[in-house]
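Examining the three-dimensional arrangement
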Amino acid sequence: MADSIEELKSKLEILTKDKEELKSKLDAHVELLDETLRHSDTVIVDSTEDFRINAVLGPYDQVFHEHRDKFKHGGNLMKIVYATTKNIIDQDELKLHSNTNEAKNLEQKIIEFMQSKRNEILLKVVGETIKGEPFILIWRMKRFGRYFRSFFTSIPANLILDKISEKHEQEIEFLKRRGEYLVEFSSDGFIILDKVGKITFISRNARKALMAQNVKRLMDADVRGRLYREIFVNDNIEEINRKLEVNKRVFSTNQAESFIKKSPDGDIHFSIYPDQNEFGDVQGLVIVTSLKPTMISNELEQKVKRMSTAVQKMQSEKTYADERIKELDYNQHWMMKKMEESNQNIKLLHKSLKQLYNYLENMPIPICIIDLPTLKYEFVNAKMHEWMNTKKTDVVGKRDEELLDKDLIIELNGIFKETIKTMQPIKLKYKDYTILQMAFTNEKNLPTRLIRLIY
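Here the structure is a predicted model, which is why all the values come from computation and not from measurement.

1. Structural notes on the sheet that holds strand 14 (residues 433-441)
Read from one edge of the open sheet, 5 strands run 12-11-15-14-13, paired in antiparallel fashion. Two strands in the sheet have a free side with no partner beyond their single neighbour: strand 12 (377-380) and strand 13 (426-430). Going from strand to strand, the sheet's axes swing by 20 degrees on average, the running direction of each strand aside. Pairing between strand 11 (residues 367-371) and strand 15 (residues 447-454): 5 bridges, direction antiparallel. Bridge pairing links Ile370 to Leu450 in strand 15.

Structure, rendered in structure tokens:
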């Protein structure tokens, strides 16, 4: 008899040691799962065939933030999706039946999936927030026995569009500044006018050719937004009207013109070109001025030099544009790669959850996980089913009051507040068993689940 007692004590010590090791591994897995979910943008929802929510994992308050309170009370999943997206048609269904009235709504598609033998369905629902910001809700539903698990990811469309728009605006502004910088090195002068004749750009050489050199205040002034005629302070009325008449004809006929004006420093050649938009409409004028000093005899040589400079600039701009196109292609490939990495992370999360539940399912002691604040069973392993004398389909989604003895429920209720308050493991002696219970928190330090072990 004494030998039997010693053997039992020895086995008890071994079991106790194994239990501590298992507990340590379980804690590590739970911590890994909690950390993964904290940095994930995927919400996992378990529901029944009538869309009643049993359990929720992940940042549901971010994806369904306008209707997050409905998850706390086990609401109807389909109603929450309708309320969040304000849309009842799947995007793929809408494309398929864009010219007919045969498109199926979300509930029809989900019910058909539930009644079929398929294990998975993917939906893309276009929604709009209260502020009018569009987004795409990716909804992947999988079959798990008699209940269904949904994976939700929300992708804000405005975020992508704003980033692309901001990038393009920066590139356009850079090209504009670079063009103005290159123009300043040209021997010609450049002036750009809008449709009402106001100056939007004028280069330094254009100032030198057109403005009086002795009026330094005007030479250094910011004349953008001023009328073109206002910079000719030394010209008579007839000369100014002549320039304006040429500008008017180019604007109305959409044909370039040129003329020469005599000056003490030489001949000033004016070339006026219509500035067209993408539709071919004239939205302004581009005036190129070229001063030909009287002492220069080889006019042809100077013209060739200017043309050569212009060709070099055009070649430089073409090279730069080719590099920008390559960079944009690279950025597109990079974005596609990032999206693929995100999908891989989601798959890894799903795999980790499955591994954790499989691990807990095969542990030699009764273990269950209870959702907070609903107090509904989220997971129950095989040993817990044996201890509770229940079937798998009779436990998940129910509370202690529906499954346990009244005396045990009173004892568990007595340690519940202490578990939440201390966030430490709490033991309870009940009959021949010891019940160990502790709570886990999310990233906001709020308790989200209870884990209960019985030995």
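2. As for the confidence of the model for the chain
Of the residues in the chain, 86% reach a pLDDT of 70 or more, and the chain-wide mean stands at 80. For the chain, helix 9 (residues 216-220) is the element with the lowest average pLDDT, namely 62, and strand 11 is the one with the highest, namely 92.

3. Here we look at the packing of aromatic side chains
Given two aromatic rings, their pairing is described by the distance between the two centres and the angle made by the two planes. Throughout the structure, instances matching the rule amount to 6 aromatic pairs. Summarising the aromatic geometry, the rings of Phe113 and Phe148 are spaced 6.0 Å apart at their centres and angled 65 degrees between planes, so their arrangement reads as edge-to-face. Highlighted residues: Phe113 in helix 6 (residues 106-115) and Phe148 in strand 5 (residues 147-156), separated in sequence by 35 residues. Both residues of the pair, Phe113 and Phe148, belong to the buried class. Between Trp139 and Phe152, the aromatic rings sit 5.1 Å apart at their centres with planes inclined by 35 degrees, giving tilted as the arrangement. Taken as a pair, Trp139 in strand 4 (residues 134-144) and Phe152 in strand 5 lie far apart in primary sequence, 13 residues in all. Each of the two residues, Trp139 as well as Phe152, counts as buried. Among the aromatic residues, those joined into a cluster by ring pairs are Phe64, Trp139 and Phe152. For Arg143, the ring lying beneath its charged end belongs to Phe113, and the centroid distance is 5.2 Å. Between the NZ or CZ atom of Arg149 and the centre of the ring of Phe144, over which it lies, the distance is 4.8 Å.

What counts, and at which threshold
Residues numbered from 1 in each chain as written. Predicted model: local features only at pLDDT ≥ 70, side-chain atom pairs only at ≥ 80, totals over all residues. Heavy atoms only, no water. Pairing = 2+ DSSP bridges. Helix = DSSP H or I, 4+ residues; strand = E, 2+ residues; numbered from the N terminus. Axes fitted to C-alpha atoms, helices over the stretch in contact; angles between N-to-C directions. pLDDT = per-residue confidence, 0-100. Phe/Tyr/Trp six-rings, centres within 6.5 Å; stacked < 30°, edge-to-face > 60°. Buried < 20%, exposed > 50% of the residue type's maximum accessible area, 1.4 Å probe, protein only. Lys NZ or Arg CZ within 6 Å of the ring centre and 35° of its normal.

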